[in-house]
Amino acid sequence: RTASRVESPSMGGEVSKLPTGSFSRLCTENVPANEAAFWGSLMAVDYKVYAELSAEQIRKALAAHPRNVANLCRHLIATLENGAQATGPPSAIECGKLLCCASLLSRVLPVLYEDEQTTKFVETVFWQGKMPPGTEATPQEDGADFPLSTKLMDASINLLFRQGFSVAGEKERTAGWYGGMAGANSANKNRQHDVARNEMLKLILISCSQTLFVTPDQYKQASNKWLVYYTTRPKEQATLLVQSLCAVIFSYDPVGVGVPYASQLMSDPREGVVDLGVQTLITWLDYVDPSKAAPKAGGAETKGISTEQVLESAVIPAPSGETGNAVRDALRELSSEEDFDFLFVGFCRLLNNPHQANNTLLPSSMKQISCFQELLILFWKLIDDNKDFLSYILRAGDINELVVPMLYFMYEGRKDPSKLGLIHICTFILLLLSGERNFCVNLNAAFTKKLPVDLPPFTGNHADLLYIVIHKLMTDGPQKLDTLYDCFMTTMSNVSPYIKTFCMPAALRAGNLFEMFGNKKRLLAHEQYPRYLVFCLEVFNNIIQYQYEGNPHFIYQILRRKKVFADLQELMESGLSAEDQPATPPGGDEEGKFRPTAEWVKSWASTLPLQPCLRIMQHLLPQLEQFCTTGNVNDETIVIDFLKTTTMVGLLPVPHPILIRKYQQNEFTSLWFTTYIWGVIYLRNQAPAYFDAAFIRLFTISYIDG
């Protein structure tokens with residue numbers, strides 16, 4: 001393996017050469033622990049050179065002389081610890097040493113994790129403070145009370161707030177970067193501080209990455225001690241970290257003053273801080289220590305995580321009070337409307353950036369962020385954990401400013417197999433939001449933006465956009481999305497009672513979905529189709545019962561499907577007939593192929609909520625047919641105008657209660673989010689590649705041509 005030359009985006013310019021001779025010595029001979037000149041030489045280079053250090057070089061040293069690697073880690077961490085404990089601004093030389101130590105440790109740690117289950121190097125050296133298994137300590141090494149892990153983590157956190165290294169003054173050190181969220185002021189940002197924050201956050205994130213190197217079952221059973229330590233910091237420190245990371249993330253403006261191509265003329269070290277900041281924050285927020293988690297039913301081994309499990313598991317009650325995760329508790333305790341507004345405005349600015357950057361007159365003239373998946377995960381964590389924030393943005397913010405980018409990501413993501421996770425997270429967010437009345441009402445606002453996608457032309461509201469995008473995903477998306485149909489249809493059903501008017505394209509697509517799931521042949525061939533059919537009928541019924549007056553387009557689409565309703569009514573009355581049974585192929589049934597039974601059909605057909613639609617058919621269809629016949633009408637616009645004059649007052653059944661299905665977290669959603677988060681982090685840290693795909697065990701990595 002050869003390491004490609006990667007230049008840090010932080011500083012630009014040339015970097016000094018990697019001290020290969022020093023590393024060759026680590027691979028060939030035992031280096032005395034007290035040979036200060038040698039160990040010091042590794043910290044006297046430009047920190048960016050360690051981007052070139054290949055994992056193979058570290059593996060060779062680890063295999064041939066593990067004591068050398070242990071002593072290397074000891075010296076690096078001792079330097080970081082001394083830097084964290086020092087007072088006063090550091091000199092340029094000291095800053096360089098600290099950056100070198102962080103950069104080199106960030107390269108070494110993932111290699112140590114690769115075979116940890118066999119070597120126990122990290123457990124022995126970092127957590128027990130001993131020399132590696134199978135080696136004897138020299139007099140200089142013996143008795144050194146040096147458990148590296150906690151010293152490394154404490155030093156890393158403290159160096160995020162060392163004056164003159166990563167913060168400008170006392171206010172940043174005590175209130176958070178830029179003065180915390182509400183008073184965030186990044187006008188006086190310092191490039192050197194961004195470089196320091198970037199390297200320290202990278203080290204913190206990589207120290208937590210041991211999760212990548214265990215299987216899902218191992219993850220659920222054994223604690224990640226790094227994450228346990230970071231997420232059990234004192235309340236004041238956890239609050240300071242949340243304030244700082246949120247301040248740097250949500251004050252970031254990738255466009256700046258809006259000069260075209262400005263990002264291609266100069267590097268922006270703060271972008272790296274934002275990326276690593278949001279990755280670190282979601283990693284901490286996601287973590288639940290298995291030793292403190294609620295016991296799980298069953299003992300079946302988990303080979304992976306499927307969306308069926310995400311959607312159909314038994315609900316585990318959400319924790320109340322403190323969660324055992326100090327970072328999550330700090331996020332939950334945010335209550336200031338100034339903080340909420342700062343967060344919401346930041347989410348809107350950043351999540352709208354990708355479609356805005358792809359919709360400019362000058363190609364590639366606007367800087368485009370890459371951390372939108374991480375931001376969506378953070379938004380999910382916020383609305384799921386902090387209900388005050390959710391209530392505020394639905395009451396005081398324009399939630400459609402986030403709906404539009406999510407629907408854009410979903411619509412474009414269907415073309416790319418690697419974006420399935422992105423579609424999932426957007427779907428789950430929309431599902432959770434659809435359980436809130438204020439969200440549904442806000443969808444009535446007119447949609448006026450122009451997105452860089454091949455949407456059908458329509459004039460309507462944000463609910464129209466939602467229905468059009470969902471229809472596209474269900475009819476022209478990858479097959480793997482079929483496990484999300486339940487979420488798609490639930491979202492459509494949840495919002496339908498509150499939408500005053502649907503445009504023709506949206507109503508047409510809802511009618512097409514009903515026809516797809518209500519087709520008798522397909523209905524009897526797919527076990528899940530009856531459930532999706534019920535969702536379609538719920539949409540129709542909600543509109544008939546609660547929004548009839550403003551929805552003639554929808555009523556027209558219902559009337560056009562009279563044959564589908566007739567077939568369903570026959571199925572309700574007669575059940576499964578012999579001719580409805582699919583023919584058995586000569587070689588017998590395919591293994592696992594679904595075959596309907598009379599009992600199965602009876603279990604759902606007799607309870608289909610057809611009554612409101614049948615009343616519409618009974619009352620309006622004769623009027624409409626007579627109107628069209630006598631007036632020789634063949635123009636849909638005239639038909640819609642006629643339907644606007646009709647009424648169903650006194651002719652419909654008593655309105656049913658509005659049924660809203662709300663998302664509730666469970667064991668499988670938690671595991672899905674963990675694998676998704678670490679999958680995103682793995683993919684986003686490939687230049688240079690910090691993690692070797694051959695050793696990743698948390699998920700399977702697939703390679704796609706092109």
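This one's a predicted model, so the numbers in the text were calculated from it and none came from an experiment.

It is worth spelling out the overall build of the protein at this point. Secondary structure summary: the protein contains 34 helices and zero strands in total. Looking at the 706 residues of the protein, the share that counts as buried comes to 55%. Residue pairs at least 24 apart in sequence account for 79% of intrachain contacts in the protein once pairs closer than 6 positions are excluded. Total accessible area on the protein is roughly 30,500 Å²; 52% of this is exposed by carbon and sulfur atoms.

Between helix α18 (residues 337-357) and helix α19 (residues 372-385), the least distance of the axes is 10 Å, while the angle of their chain directions is 150°. Compared by their axis directions, α18 and α19 come out roughly antiparallel. In the crossing of α18 with α19, the sense of the turn from one axis to the other is left-handed. Counted together, Leu343, Phe347, Leu350, Leu351 and Pro354 of α18 and Phe372, Leu375, Leu376, Leu378, Phe379 and Leu382 of α19 form the full contact between these two elements.

Let's shift gears to the pattern of salt bridges. Per the counting criterion, the structure on display carries 32 salt bridges. Two residues, Arg561 and Glu515, come together in a salt bridge whose shortest N-O distance is 3.1 Å. Taken together, the residues span a long stretch of sequence, with Arg561 in the loop between α29 (552-560) and α30 (562-574) and Glu515 in helix α26 (residues 504-518) at a distance of 46 residues. The exposure class assigned to Arg561 is buried, which follows from its relative accessible area of 5%. Through salt bridges with shared partners, a single network forms among Glu56, Arg59, Glu114 and Asp692.

Considering the arrangement of structural elements, one finds Gly88 in the loop between α4 (66-85) and α5 (92-114). Each C-alpha atom, one on Gly88 and one on Phe165, is 9.6 Å from the other, the two residues being 77 residues apart in sequence. Ignoring sequence-local partners within four residues, the contact set of Gly88 consists of Arg162 and Gln163.

On to unusual backbone geometry. Cis geometry is adopted by the peptide bond preceding Pro688, which originates at Ala687 and carries an omega value of 0°. Looking at the secondary structure, you find Pro688 in the segment after α34 (667-684). Despite not being glycine, Asn632 shows a phi value in the positive range, around 50°. Residue position: Asn632 is located in the loop between α32 (611-630) and α33 (636-644). When its relative accessible area of 67% is taken as the criterion, Asn632 is described as exposed.

Between its first and last C-alpha atoms helix α8 (residues 148-159) spans 16 Å; for twelve residues at 1.5 Å apiece the expected length is 16 Å, and the two agree. Of the positions making up α8, those classed as buried are Leu148, Ser149, Leu152, Met153, Ala155, Ser156, Ile157 and Leu159. At its buried positions, α8 is contacted by α4, α5, α7 (121-127), α10 (191-207), α12 (225-230) and α13 (235-250).

Right, let's talk about the nonpolar core for a bit. Counting 237 residues, the largest nonpolar core has Phe126 and Phe517 as its most contacted members. The biggest single contributor to this core is α5, with 13 residues. In this view, Phe517 contacts Met474, Tyr485, Met489, Leu523, Tyr529, Tyr532, Leu533 and Cys536; residues no more than four positions away in its chain are not counted.

Once that is clear, we can look at the state of the cysteines. Per the counting criterion, the structure on display carries zero disulfides. Free cysteine Cys100: the closest other cysteine sulfur is in Cys101, separated by 6.8 Å. Taking the relative accessible area as the measure of exposure, Cys100 reaches 0% and is therefore buried.

Right, let's get into the packing of aromatic side chains. The final tally for this structure, using the stated rule, is 38 aromatic pairs. With a centroid separation of 6.4 Å and an interplanar angle of 55°, the aromatic rings of Trp380 and Phe428 are classed as tilted. Linking Trp380 in helix α19 with Phe428 in helix α22 (residues 420-434), this pair joins segments that are 48 residues apart in sequence. As far as the burial class goes, Trp380 and Phe428 line up, both buried. Plain terms: the ring middles of Phe540 and Phe554 are 6.0 Å apart, the flat faces sit at 75° to each other, and that makes the pair edge-to-face. Here Phe540, found in helix α28 (residues 529-546), pairs with Phe554, found in helix α29; they are 14 residues apart in sequence, far enough to count as distant.

Turning our attention to the side chain of Thr231. Here Thr231 lies in the loop between α12 and α13. Ignoring anything within four residues of it in the chain, the contact list for Thr231 reads Trp284, Tyr287, Gly324, Asn325, Ala326 and Val327.

We now examine the confidence of the model for the protein. For the protein, the mean per-residue pLDDT works out to 87, and 87% of the residues sit at or above 70. Averaged pLDDT values for the elements of the protein fall to 41 in helix α16 (residues 307-312) and rise to 98 in α12. Every residue in residues 1-15 is under pLDDT 50, and counting partners more than four places away or in other chains gives 31 contacts. For residues 296-319, every residue scores under 50 in pLDDT, and the model assigns this stretch 37 contacts once sequence neighbours within four places are set aside.

Relative to the elements of secondary structure, Ser335 occurs in the loop between α17 (326-332) and α18. When the C-alpha atoms of Ser335 and Phe389 are compared, they prove to be 7.4 Å apart, with 54 residues separating the residues in sequence.

Here the focus is the packing of α13 against helix α15 (residues 269-286). Where α13 contacts α15, the axes come no closer than 9 Å and their chain directions differ by 140°. One finds that α13 runs oblique with respect to α15. Along this stretch, α13 crosses α15, giving a crossing that reads as left-handed. For the pair α13 and α15, the contacting residues are Leu241, Val242, Leu245, Cys246, Ala247, Val248 and Ile249 in the first and Arg270, Val273, Val274, Gly277, Val278, Leu281 and Trp284 in the second. In the contact of α13 with α15, the residues fall into twelve nonpolar, one polar and one charged.

Our focus in this paragraph is the environment of Pro653. Among the structural elements, Pro653 can be located in the loop between α33 and α34. The spatial distance from the C-alpha of Pro653 to the C-alpha of Arg615 is 8.4 Å, given a sequence separation of 38 residues. In this structure Pro653 touches Gln545, Gln611, Pro612 and Arg615, once residues within four positions along its chain are discounted.

So, about α15. Over its 18 residues, α15 runs 26 Å from end to end, which matches the ideal 26 Å to within 8%, given 1.5 Å per residue. Counting buried residues along α15, 17 of its 18 residues qualify, which places the element largely inside the surrounding structure.

Parameters at a glance
Residues numbered from 1 in each chain as written. Predicted model: local features only at pLDDT ≥ 70, side-chain atom pairs only at ≥ 80, totals over all residues. Heavy atoms only, no water. Helix = DSSP H or I, 4+ residues; strand = E, 2+ residues; numbered from the N terminus. Buried < 20%, exposed > 50% of the residue type's maximum accessible area, 1.4 Å probe, protein only. Contact = heavy atoms within 4.5 Å. Areas by Shrake-Rupley, 256 points an atom, 1.4 Å probe, with all protein chains shown as cover. Axes fitted to C-alpha atoms, helices over the stretch in contact; angles between N-to-C directions. Parallel < 35°, antiparallel > 145°, perpendicular 65-115°, else oblique. Left-handed = near helix turned anticlockwise from the far one by under 90°. Salt bridge = Lys/Arg side-chain N within 4 Å of Asp/Glu carboxyl O. Expected span 1.5 Å × (residues − 1). Core = buried A, V, L, I, M, F, W, Y, C linked by side-chain atoms within 4.5 Å. Disulfide = S-S within 2.5 Å. Phe/Tyr/Trp six-rings, centres within 6.5 Å; stacked < 30°, edge-to-face > 60°. pLDDT = per-residue confidence, 0-100. Nonpolar A, V, L, I, M, F, W, Y, C, P; charged D, E, K, R; others polar.

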